[in-house]
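# Inside the fold
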Amino acid sequence: MAESIIIRVQSPDGVKRITATKRETAATFLKKVAKEFGFQNNGFSVYINRNKTGEITASSNKSLNLLKIKHGDLLFLFPSSLAGPSSEMETSAPLGLKACGAPNVVEDEIDQYLSRQDGKIYRSRDPQLCRHGPLGKCVHCVPLEPFDEDYLNHLEPPVKHMSFHAYIRKLTGGADKGKFVALENISCKIKSGCEGHLPWPNGICTKCQPSAITLNRQKYRHVDNIMFENHTVADRFLDFWRKTGNQHFGYLYGRYTEHKDIPLGIRAEVAAIYEPPQIGTQNSLELLEDPKAEVVDEIAAKLGLRKVGWIFTDLVSEDTRKGTVRYSRNKDTYFLSSEECITAGDFQNKHPNICRLSPDGHFGSKFVTAVATGGPDNQVHFEGYQVSNQCMALVRDECLLPCKDAPELGYAKESSSEQYVPDVFYKDIDKFGNEITQLARPLPVEYLIIDITTTFPKDPVYTFSISQNPFPIENRDVLGETQDFHSLATYLSQNTSSVFLDTISDFHLLLFLVTNDVMPLQDSISLLLEAVRTRNEELAQTWKKSEQWATIEQLCSKCLTLPQSPLPGPKLLPFRAPVLLPGPWTPDPRCLLTASWAVEQADLCRGPQMFSSL
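Residues numbered from 1 in each chain as written. Predicted model: local features only at pLDDT ≥ 70, side-chain atom pairs only at ≥ 80, totals over all residues. Heavy atoms only, no water.

## Some remarks on the pairing of strand β11 (residues 265-274)
β11 sits mainly inside the fold: 10 of its 10 residues count as buried. In this sheet, β11 lies alongside strand β9 (residues 225-228) in parallel orientation, the contact comprising 4 bridges. Paired with M227 across the two strands is E269, which belongs to β11. Of the strand pairs in this sheet, strand β10 (residues 249-259) and β11 are connected by 9 bridges, and their pairing is antiparallel. (Buried < 20%, exposed > 50% of the residue type's maximum accessible area, 1.4 Å probe, protein only. Helix = DSSP H or I, 4+ residues; strand = E, 2+ residues; numbered from the N terminus. Pairing = 2+ DSSP bridges.)

Have a look at this one:
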């Protein structure tokens with residue numbers, strides 16, 4: 001009988017002992033390993049060395065004796081997702097989190113990039129405190145972890161929230177490497193499928209009942225900085241308030257990049273602001289249904305952009321002669337009202353952060369909130385915020401309400417026959433200095449807010465060209481600024497740059513070319529969008545020679561010769577015999593001027609007009 005030997009196999013879950021014989025083939029041995037660890041035959045790799053060299057393949061011709069594996073040897077097992085030298089990105093992720101995560105989701109590029117970075121804070125040798133040579137390290141110069149609180153607190157300005165990727169490194173530090181940690185989303189709903197009792201409100205048990213929530217200040221944030229590429233992007237947005245005195249709303253389009261001022265930080269760079277249909281007054285905003293929302297997202301994606309947040313104004317003029325505004329949002333009032341927190345939570349739930357370390361495939365959100373409001377110097381300031389993951393859960397499960405007369409307070413709903421709401425608590429300090437737990441009815445919303453620095457670069461960046469006579473912004477008809485072929489013709493006549501790419505690189509102009517009702521170019525504008533994205537003048541010139549652009553130029557030249565109707569309100573035209581068309585009229589490149597004057601005036605320049613006799 002062959003002599004039995006014991007081989008130790010180390011895996012991310014621990015070390016196990018496998019009984020084998022010297023004459024046993026490698027294939028038979030690997031089957032025993034798979035059975036012992038609960039893997040499929042091809043779900044792992046075993047190596048002789050810890051650095052993943054000397055892989056043991058499932059060969060039926062090689063015995064353990066031939067592979068020089070002896071009694072008591074230690075082998076190293078890696079799951080297939082972690083095996084091999086090409087898995088640098090995967091090995092940088094925590095092993096314990098990976099086991100309960102969603103490995104099939106594709107994270108954002110910035111998350112993939114940061115997961116591969118070292119992230120440590122390197123310090124140079126201190127000539128006064130360090131007593132070692134140039135190649136040595138001591139407590140005064142050893143690299144710090146990216147979540148080191150003392151380092152973050154001594155930055156200027158101090159950083160209250162570590163970055164999300166630094167938080168992941170903190171969870172996966174220590175001896176267990178995050179083996180027992182999971183990024184689970186909070187749920188405030190009763191778990192379905194419990195058959196031991198009648199459904200709510202007739203029954204509930206500890207298995208299906210959601211846990212009570214104690215609100216804590218979130219230690220990390222998914223975005224660490226908001227940066228507008230240049231002042232023009234923000235100034236054009238503020239022009240609406242300057243001209244009307246009404247508050248305004250917009251979506252921020254840009255990209256996520258690395259924020260190097262904070263270890264493993266993420267920055268939201270804003271390249272453009274899209275203004276959807278809305279009704280604004282001096283103290284309220286109402287968003288209307290936007291039929292072009294999906295098209296705008298599609299065009300932005302082709303330009304290399306995405307929706308990264310939302311922005312609104314809260315400005316009240318204090319002294320028109322000095323140009324000052326009221327400083328209304330501060331520690332004595334509020335930074336975000338409860339309604340704004342609920343809106344921010346709703347937006348963040350609609351734009352989740354893809355995360356393969358969560359069983360749900362998403363965790364938190366990188367969607368930011370920007371507010372244009374008065375600062376301590378009574379000038380316009382931009383403030384950035386997010387709401388915590390706890391707030392997102394309360395908003396998603398409809399457990400949080402605003403208070404009508406106190407904007408700084410929210411209110412946790414009470415359970416009813418239609419909905420069970422878990423208890424929500426927060427901690428406070430009483431008049432004796434003791435920490436007490438309060439029921440969140442009402443709730444100070446500062447427990448839900450995460451502040452984000454908002455900046456402008458010293459050297460402006462321009463994804464889109466800047467013109468002294470820019471193309472009108474969408475949905476500003478109340479100002480008399482409309483997007484039509486007459487405004488396009490005016491814009492082209494005032495911007496006669498020899499570089500066509502500079503003329504056409506306007507976010508609002510590109511949206512008009514795609515979404516206008518007369519001649520939408522959604523199916524033929526991909527080449528132009530690629531030219532704008534890559535700043536390629538040759539591609540832009542190639543698109544300029546297309547039939548579509550020739551048609552647009554002829555439409556614009558015709559509009560310049562026609563009188564422009566005043567806005568707002570329809571134009572009353574002299575009575576003329578109606579022109580009967582067989583169906584919806586579309587311009588024919590071969591015969592552009594066959595319709596009557598009334599049709600040209602109505603369809604080419606201003607859209608549908610009202611006809612009446614005088």
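## A word on the sheet that holds strand β22 (residues 409-412)
By way of backbone hydrogen bonds, the strands of a sheet pair with one another, either parallel or antiparallel. Read across the open sheet, the 3 strands follow the order β21-β22-β25; overall the sheet is antiparallel. Of all strands in the sheet, those bounded by a partner on one side alone are β21 (400-402) and β25 (443-444). Both β22 and β25 contribute to a ladder of 2 bridges, which runs antiparallel. In the strand pairing of β25, G410 is matched with L443. Strands in contact with helix α9 (residues 338-350) are β21 and β22; relative to β21, the strand with the most contacts, it is inclined by about 140°. (Contact = heavy atoms within 4.5 Å. Axes fitted to C-alpha atoms, helices over the stretch in contact; angles between N-to-C directions.)

## Considering the nonpolar core
Core analysis: the largest hydrophobic core is formed by 74 residues, its most contacted members being F485, I504 and L513. Here the element with the most residues in this core is helix α13 (residues 507-515); it accounts for 7 residues. When residues of this core are sorted by domain, at least three fall in each of domain 2 (105-192 + 220-406 + 449-462) and domain 3 (477-560). Setting aside its immediate chain neighbours within four residues, L513 contacts L488, I504, M519, P520, L521, I525, L528 and I552. Within the second largest apolar cluster, 26 residues are counted, among which are V223, I226, I273 and A372. (Core = buried A, V, L, I, M, F, W, Y, C linked by side-chain atoms within 4.5 Å. Domains from an automatic or database assignment.)

## A few points about the environment of D13
Locating D13 in the fold gives a position in the loop between β1 (4-11) and β2 (14-21). Sequence-wise, D13 and L77 are 64 residues apart; in three dimensions their C-alpha atoms are separated by 9.8 Å.

Nothing here speaks to function; it is all geometry.
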